[in-house]
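Tertiary structure, described
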Amino acid sequence: MQWQEVSGNWVYLPRQEVKGIVHFLGGAFVATAPQVSYRSILEQLSQAGFAIIATPFLNTFDHFAIAREVLNRFETVITRLQKTNQLRTGYLPIYGIGHSMGCKLHLLIGSLYDVERAGNILISFNNYPASRAVPFMEQFNVTPMLNVEFAPSPTETEKLIAEHYNVRRNLLLKFTQDELDQTVILNSVLQNRFPNMITLRTLMGTHLTPLSQNIQWQTGNLFTPIDAIGQWFNQGMSRNLQNLSRELIAWLNPISAF
């Protein structure tokens, strides 16, 4: 199976019977090519039987507009895949998976629109103001730039979630070395809205762990210290990525023998 571009989305379908659909939204500065940035983790989910629909987007300050656009494209591609018999028309559970800014978009979709989701997985959620979220923004020597804020703002986003978010089952994932993460705050908001329906897990890794790729380190005829360092580094990244993959699949399909 290969990635295919369909109606403005990147689609990766499993070879076996489809167990469910994953709508994936990535982080702000890597979301334009999710089929490349998140290839390893998404293909592992597909191997477990899930149809992957990764919707790329360009980051702007209007997150309302981005959420509406990615939802429209997702709904369009579902219809297209069913009409071309690439997805069956019967019921398939739909799960949203977001990383970083992708979490906020799924939370907005679940708060603003009447969508049916079997659950959402929110990885490394952050909800910072624009002055912190946009690299180097505070260094612009233009005062009006510092007054620009995302729509909705962090406070408005939290209020929307607390009052209107309608996806009951959620898995929240944070990493041990992630200074950008605000998952604990989100956990508190969601626990108040849906007590006993929210699962929080902490995994080894960093904010960039979902972007890791499975790479086989090739050594030369002689095993050098550089090879040792390279293999050690790659093994650590691969181990964290595999732990993330297992956590996702176990939650998506609890009876899986993965």
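Structural notes, computed from the coordinates.

Criteria and thresholds
- Residues numbered from 1 in each chain as written.
- Predicted model: local features only at pLDDT ≥ 70, side-chain atom pairs only at ≥ 80, totals over all residues.
- Heavy atoms only, no water.
- Helix = DSSP H or I, 4+ residues; strand = E, 2+ residues; numbered from the N terminus.
- Buried < 20%, exposed > 50% of the residue type's maximum accessible area, 1.4 Å probe, protein only.
- Contact = heavy atoms within 4.5 Å.
- Lys, Arg positive; Asp, Glu negative; His and termini not counted.
- Salt bridge = Lys/Arg side-chain N within 4 Å of Asp/Glu carboxyl O.
- Pairing = 2+ DSSP bridges.
- Axes fitted to C-alpha atoms, helices over the stretch in contact; angles between N-to-C directions.
- Parallel < 35°, antiparallel > 145°, perpendicular 65-115°, else oblique.
- Left-handed = near helix turned anticlockwise from the far one by under 90°.
- Nonpolar A, V, L, I, M, F, W, Y, C, P; charged D, E, K, R; others polar.
- Arc of directions from axis to C-beta.
- Polar contact = N/O pair within 3.5 Å; in protein donor to acceptor, adjacent residues only side chain to side chain.

Description of the overall build of the chain
Counting its secondary structure elements, the chain contains 9 helices and 8 strands. Sorting the 258 residues of the chain into buried and exposed places 51% on the buried side. The long-range fraction of contacts in the chain, counting pairs at least 24 apart against all pairs at least 6 apart in sequence, stands at 77%.

A word on the side chain of Arg117
Positionally, Arg117 belongs in the loop between helix H4 (101-112) and strand S6 (119-123). For the buried Arg117, no salt bridge exists, and the shortest N-O distance to an oppositely charged side chain is 5.8 Å, to Glu75. Arg117 has contacts with His23, Leu71, Phe74, Ile94, Gly96 and Val167, leaving out every residue within four places of it along the chain.

Let's talk about the pairing of strand S3 (residues 20-25)
Every other side chain in a regular strand lies on the same face of the sheet, so the side chains alternate between the two faces. S3 sits mainly inside the fold: 6 of its 6 residues count as buried. Side-chain alternation along S3 places Gly20, Val22 and Phe24 on one buried face and Ile21, His23 and Leu25 on a second face that is also buried. As judged from the 5 bridges shared by S3 and strand S4 (residues 50-54), these two strands associate in the parallel manner. Among the inter-strand pairings, Ile21 is bridged to a residue of S4, identified as Ala51.

Describing the packing of helix H7 (residues 154-164) against helix H8 (residues 183-193)
Where H7 meets H8, the axes come as close as 8 Å, and the angle between the chain directions of the two elements is 25 degrees. Between H7 and H8, the crossing angle belongs to the class labelled roughly parallel. In the crossing of H7 with H8, the sense of the turn from one axis to the other is right-handed. Residue-level inspection shows Glu158, Ile161, Ala162, Glu163 and His164 of H7 in contact with H8, the latter providing Ile185, Leu186, Val189, Leu190 and Arg193. In terms of residue class, the contact of H7 with H8 is made up of 6 nonpolar, 1 polar and 3 charged.

Focus: the sheet that holds strand S7 (residues 170-177)
Taking strand neighbours across the sheet as the criterion, the 8 strands line up as S1-S2-S4-S3-S5-S6-S7-S8 in an open arrangement whose pairing is mixed. Sheet topology places strand S1 (4-6) and strand S8 (198-206) at the edges, where each strand pairs with a single neighbour. Between one strand and the next, the sheet's axes are offset by a mean angle of 25 degrees, whatever the strand orientation. Strand contacts of H4: S3, strand S5 (94-99) and S6, with the helix running at about 140 degrees to S5, the strand carrying the most contacts. The sheet strands contacting H8 are S6, S7 and S8, and the helix crosses S7 at an angle near 160 degrees.

As for H8
Among the residues of H8, those classed as buried are Thr183, Leu186, Asn187, Val189 and Leu190. Burial along H8 is one-sided: seen end-on, the buried residues are contained in an arc of 165 degrees. Exposed and oriented more than 90 degrees from the buried face of H8 are Val184 and Asn192. Buried residues along H8 sit in contact with H4, S6, H7, S7 and S8.

What about the side chain of Asp181?
Within the element layout of this structure, Asp181 appears in the loop between S7 and H8. No salt bridge is formed by the buried Asp181; the nearest opposite charge belongs to Lys174, separated by 4.6 Å. A distance of 2.7 Å separates the side chain of Asp181 from the side chain of Thr183, its partner in a polar contact. Ignoring any residue separated from it by four or fewer positions in sequence, one finds Asp181 in contact with Ser124, Phe125, Tyr128, Leu173 and Lys174.

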